[in-house]
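Listed below, chain by chain, are the residues.
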Amino acid sequence: MNNDYTSLELFHFVGHQDPTNHEANYETLKNILRSKCITYSPHDLSWGPVEHKIEWDRSILDESLVVPTITCYADIPKNALGVHMKKYGYFGVSLERQYLVRFHARPVTYIPIYRSDDLGISGRTLIRDIESAVKGFYEYYLKTEENSEEAYSRGLASFPDNANESLSVLESTLLKDFIGFIKPFNSEINIEDPDNYYMEREWRKLGNIKFEEQFVCTVVILCGYESDFLREFSQYKGRLEVVNVNEST
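Being a predicted model, the structure only gives us computed values, none of them experimental.

Thresholds, definitions, all that
- Residues numbered from 1 in each chain as written.
- Predicted model: local features only at pLDDT ≥ 70, side-chain atom pairs only at ≥ 80, totals over all residues.
- Heavy atoms only, no water.
- Helix = DSSP H or I, 4+ residues; strand = E, 2+ residues; numbered from the N terminus.
- Buried < 20%, exposed > 50% of the residue type's maximum accessible area, 1.4 Å probe, protein only.
- Contact = heavy atoms within 4.5 Å.
- Areas by Shrake-Rupley, 256 points an atom, 1.4 Å probe, with all protein chains shown as cover.
- Lys, Arg positive; Asp, Glu negative; His and termini not counted.
- Charge placed at Lys NZ, Arg CZ, Asp CG, Glu CD.
- Disulfide = S-S within 2.5 Å.
- Phe/Tyr/Trp six-rings, centres within 6.5 Å; stacked < 30°, edge-to-face > 60°.
- Lys NZ or Arg CZ within 6 Å of the ring centre and 35° of its normal.
- Pairing = 2+ DSSP bridges.
- Salt bridge = Lys/Arg side-chain N within 4 Å of Asp/Glu carboxyl O.

Caption draft 1: The arrangement of the overall build of the protein in detail. When you go through the protein residue by residue, the secondary structure sums to seven helices and 13 strands. Principal-axis analysis of the C-alpha atoms gives the protein an extent of 60 × 45 × 30 Å. With 249 residues in all, the protein has 40% of them scored as buried. Across the protein, contacts joining residues at least 24 apart in sequence account for 73% of those joining residues at least 6 apart. As displayed, the protein offers around 13800 Å² of accessible surface, 51% of which is attributable to carbon and sulfur atoms. Each charge sign in the protein was given a centre, from 26 positive and 39 negative side chains, and these centres are 4 Å apart.

See below:
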């Protein structure tokens with residue numbers, strides 16, 4: 001399923017809040033497999049609404065200007081998951097990449113930042129420039145439309161019917177589909193640093209993902225949990241990857 005560069009399966013690990021809380025992470029993984037659904041908070045088991053929270057006084061730099069409702073996946077070959085598991089825990093599941101593509105998952109846009117980038121046109125300077133353009137668009141165009149009661153029902157990929165609709169379409173495109181997929185990362189830190197996000201090769205999907213068992217490629221669990229796991233999920237025996245904490249470091 002994999003090669004040395006990218007993976008044909010994308011991994012979702014469940015221990016971002018606490019990678020060492022093995023019991024809680026194990027329960028989360030089992031709930032995903034029982035429900036056949038990977039979710040974002042508040043974790044309803046539907047496909048989930050596609051929304052994005054906007055805080056105009058916040059920044060793209062810490063990804064707080066636009067916070068979309070997303071689930072996340074890593075494009076990392078199975079034999080290179082060690083660093084990732086130290087940050088996200090030892091319990092996860094992978095789905096076929098093409099299955100996720102069919103349901104609109106796609107890679108984020110990484111922007112590297114570095115210590116002296118204030119002096120150039122990339123890094124933080126580029127992020128501030130994008131941010132200023134978006135906030136300027138809001139200040140001078142969108143604010144005047146916020147109180148409008150006119151509703152738009154434009155079909156996907158269709159041309160806007162008028163100037164006001166084009167502003168509404170551009171707002172959604174900029175915020176949900178562009179800003180919501182930008183991920184700054186510190187290009188100078190060590191590969192194993194928890195804040196080195198680039199090596200995760202993150203993909204995002206707006207909303208939840210529901211799946212059937214045949215689209216599961218690999219289930220990853222920590223050594224010691226396999227007997228209990230197989231009592232309930234014997235159908236995944238041939239797709240089970242059991243990892244040892246010491247061997248993965």
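Caption draft 2: The arrangement of the environment of Lys86 in detail. Along the chain, Lys86 falls in helix α2 (residues 82-88). According to the relative accessible area criterion, Lys86 is partly exposed, its value standing at 32%. Residues Lys86 and His16, 70 residues apart in the sequence, show an inter-C-alpha distance of 9.7 Å.

Caption draft 3: Molecular detail of the state of the cysteines. Taken as a whole and judged by the stated rule, the model has zero disulfides. A disulfide-free cysteine, Cys72 has its sulfur positioned 14 Å from the sulfur of Cys37, the nearest such atom. The class of Cys72 is partly exposed, set by a relative accessible area of 29%.

Caption draft 4: Summary view of the packing of aromatic side chains. Within the structure shown, the criterion is met by 14 aromatic pairs. Ring centres of Trp56 and Tyr138 lie 4.1 Å apart, and the angle between their planes is 15°; this geometry places the pair in the stacked category. With a gap of 82 residues between them, Trp56 in the loop between β3 (52-54) and β4 (66-68) and Tyr138 in helix α4 (residues 123-142) connect regions that are remote in the sequence. Taking the relative accessible area as the measure of exposure, Tyr138 reaches 12% and is therefore buried. Among the aromatic residues, ring-to-ring pairing joins Trp47, Tyr99, Phe103 and Phe215 into one connected group. The ring of Phe181 is capped by Arg106, whose NZ or CZ atom sits 3.6 Å from the centre of that ring. Across from the ring centre of Tyr197, 4.4 Å away, lies the NZ or CZ of Lys183, which sits over that ring.

Caption draft 5: A look at the pairing of strand β10 (residues 202-206). Burial of β10 is extensive: five of the five residues sit out of reach of the surface. Residues Glu202, Arg204 and Leu206 line one face of β10 and the alternating positions Trp203 and Lys205 line the opposite face, and both faces are buried. As defined by bridge partners, strand β5 (residues 70-74) adjoins β10 across five bridges and the pair is classed as antiparallel. Among the inter-strand pairings, Cys72 is bridged to a residue of β10, identified as Arg204. Pairing of strand β7 (residues 106-107) with β10 involves two bridges; the strand directions are antiparallel. Bridge pairing links Arg106 to Arg204 in β10.

Caption draft 6: Main features of unusual backbone geometry. Even without a glycine there, the phi angle at Lys36 is positive, about 55°. Relative to the helices and strands, Lys36 resides in the loop between α1 (22-35) and β2 (37-38). Phi is positive for His104, close to 80°, though the residue is something other than glycine. Looking at the element boundaries, His104 is found in the loop between α3 (97-102) and β7.

Caption draft 7: Seen up close, the pattern of salt bridges. Summed over the entire model, instances satisfying the criterion amount to 16 salt bridges. Two residues, Glu188 and Arg115, come together in a salt bridge whose shortest N-O distance is 3.1 Å. In this pair, Glu188 sits in the loop between β9 (182-186) and β10 while Arg115 sits in the loop between β8 (109-113) and α4, placing the two residues 73 residues apart along the sequence. Since its relative accessible area comes to 70%, Arg115 is described here as exposed. The network of salt bridges with shared partners includes Glu27, Lys30, Asp228 and Arg231.

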